[in-house]
Amino acid sequence: MVFYFVVFFIFGLLGGSAVKAQKISVSNIADTPLWVTGGYGQLAISISGFTWLLGAVSISFQYDFGWMLVSIAEVFLGAIVATFMPAGLNFVLLLIAPFISMTFLGALWGFWYI
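What you are looking at is a predicted structure, and each value in this text was computed from that prediction instead of being measured. (Residues numbered from 1 in each chain as written. Predicted model: local features only at pLDDT ≥ 70, side-chain atom pairs only at ≥ 80, totals over all residues. Heavy atoms only, no water.)

**So, the packing of helix α1 (residues 2-27) against helix α3 (residues 39-62)**
For the pair α1 and α3, interaxial distance at closest approach is 9 Å and the crossing angle is 150°. When the axis of α1 is compared with that of α3, the two are roughly antiparallel. Both α1 and α3 take part in a crossing whose hand is left-handed. Residues Y4, F8, F11, L14, G15, A18 and Q22 of α1 lie in contact with α3, whose contacting residues are Q42, I45, S48, T51, W52, G55, A56, I59 and Q62. Of the residues assigned to the contact of α1 with α3, the class counts are nine nonpolar, seven polar and no charged. (Axes fitted to C-alpha atoms, helices over the stretch in contact; angles between N-to-C directions. Helix = DSSP H or I, 4+ residues; strand = E, 2+ residues; numbered from the N terminus. Parallel < 35°, antiparallel > 145°, perpendicular 65-115°, else oblique. Left-handed = near helix turned anticlockwise from the far one by under 90°. Contact = heavy atoms within 4.5 Å. Nonpolar A, V, L, I, M, F, W, Y, C, P; charged D, E, K, R; others polar.)

Below is the structure:
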């Protein structure tokens, strides 16, 4: 169960970083790297926001509804932690978010083992 906690906590960190980066890019464009407002940044924000939901649905199929709710709570815990992180670290997490998200989803779906 530690694996699932780590995976969903990191999903929350990635999703929280995506939300924070989006808010910073809207409120103060000068403090935002250019790639965040470009195509890759928008794709990374979308993937970060979507993968935790896919992971939670996967958990509901593998186990039951209660474990899905626990997984969603772990995502929210990670998102809360992400709001207290410095903006630069949020941008770095958003930069690598698609790779981390796809790796964890592949592990949840049984394509490979981490």
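**Some words on the packing of aromatic side chains**
This structure, assessed with the given rule, holds nine aromatic pairs. Plain terms: the ring middles of F5 and F9 are 5.8 Å apart, the flat faces sit at 20° to each other, and that makes the pair stacked. In this pair, F5 and F9 both sit in helix α1, four residues apart, roughly one turn of the helix. Ring pairing ties together the aromatic residues F3, Y4 and Y63, which thus form one cluster. (Phe/Tyr/Trp six-rings, centres within 6.5 Å; stacked < 30°, edge-to-face > 60°.)

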